[in-house]
Amino acid sequence: MQHDIPRPSRRRLLTGAAAAAAALVPLGTGLAQAAPHRTRAAYPDVHWTPAAPANYTAANRPTQYPIDMVIIHVTQETYADTVRIFQDPKRKVSAHYCVRSADGYIGQFVREDDVAWHAGNWNYNTRSIGIEHEGWVDQPRWFTDVMYEQSAQLTAAICARYGIPRDRKHIIGHVEVPGTDHTDPGRYWDWTRYMSLVRAAS
């Protein structure tokens, strides 16, 4: 998948140990290079860490499926274990992004053009971008300032790109997906703070 990225669209990774292990992300075919999509809210630095192809559906969104929603998740795993899960073809699960707790590092696992398997509901999968957050729903210490800030910037940029309203009808938790048995992001996720950050992002 990385060979689909034109070289000029790549950005350098953050310094540190993660820099040697990750490559820049293809946000979506064609869209990642277009400056007008970034004028209202810029994408934060994101790092390409591809999921196993068996864990998502290749697609041509938003042409094939309109994108009108962002779904917020909590991993119930460490960031490192989440990476292993998404790269294990037997797991049949993925999300487009995952935000690390300690430093707000964002990995992208599935192109926005493609359908990640994160919501447990095909209709919601086809029309959404899924963002995981490292941590556990009953341990609020994982929801750090930098995690909220980086995630909110990412969500704001996604909303700007696809014309998604920045409201709770279109930015929802996994728990709000019809038919789900998941409770994330849970009662400790500060929706008021998060939505304020999303709306303020520019």
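Anything mentioned here points back to the structure above.
Here is what the cut-offs are and how they apply
- Residues numbered from 1 in each chain as written.
- Predicted model: local features only at pLDDT ≥ 70, side-chain atom pairs only at ≥ 80, totals over all residues.
- Heavy atoms only, no water.
- Helix = DSSP H or I, 4+ residues; strand = E, 2+ residues; numbered from the N terminus.
- Buried < 20%, exposed > 50% of the residue type's maximum accessible area, 1.4 Å probe, protein only.
- Phe/Tyr/Trp six-rings, centres within 6.5 Å; stacked < 30°, edge-to-face > 60°.
- Lys NZ or Arg CZ within 6 Å of the ring centre and 35° of its normal.
- Arc of directions from axis to C-beta.
- Contact = heavy atoms within 4.5 Å.
- Polar contact = N/O pair within 3.5 Å; in protein donor to acceptor, adjacent residues only side chain to side chain.

Examining unusual backbone geometry
- In the segment running from Arg-61 into Pro-62, the intervening peptide bond is cis, with an omega of 0°.
- Among the secondary structure elements, Pro-62 is positioned in the loop between β3 (56-57) and β4 (69-72).
- Cis geometry marks the peptide bond from Asp-184 to Pro-185; its omega dihedral reads 10°.
- If you trace the backbone, Pro-185 turns up in the loop between β9 (171-173) and α4 (191-200).
- With a phi angle near 60°, Gln-76 is a residue other than glycine that sits in the positive phi range.
- By the element assignment, Gln-76 lies in the loop between β4 and α1 (79-86).
- In this structure, Lys-92 is a non-glycine residue whose phi angle is positive, near 55°.
- Tracing the sequence through the fold places Lys-92 in the loop between α1 and β5 (97-99).
- Given a relative accessible area of 49%, Lys-92 falls into the partly exposed group.

Section: the packing of aromatic side chains
- One pass over the full model with this rule turns up eleven aromatic pairs.
- Pairing Phe-86 with Phe-109 gives two aromatic rings, centres 5.1 Å apart and planes at 75°, and the pair type is edge-to-face. Placement of the pair is Phe-86 in helix α1 and Phe-109 in the loop between β6 (106-108) and β7 (115-116), with a sequence separation of 23 residues.
- The class of Phe-109 is buried, set by a relative accessible area of 0%.
- Among the aromatic residues, those joined into a cluster by ring pairs are Phe-143, Tyr-148, Trp-189, Trp-191 and Tyr-194.
- The side chain of Arg-100 reaches across the aromatic face of Tyr-105, ending 4.3 Å from its centre.

Some details on α4
- Buried within α4 we find Trp-191, Tyr-194, Met-195 and Val-198. Burial along α4 is one-sided: seen end-on, the buried residues are contained in an arc of 95°. Across from the buried face of α4, at angles greater than 90 degrees, the exposed residues are Thr-192 and Ala-200.
- For α4, the secondary structure elements touched by its buried residues are β4, α3 (145-162) and β9.
- N-cap assignment for α4: the residue whose side-chain oxygen lies 3.3 Å from the backbone N of Thr-192 is Asp-190.

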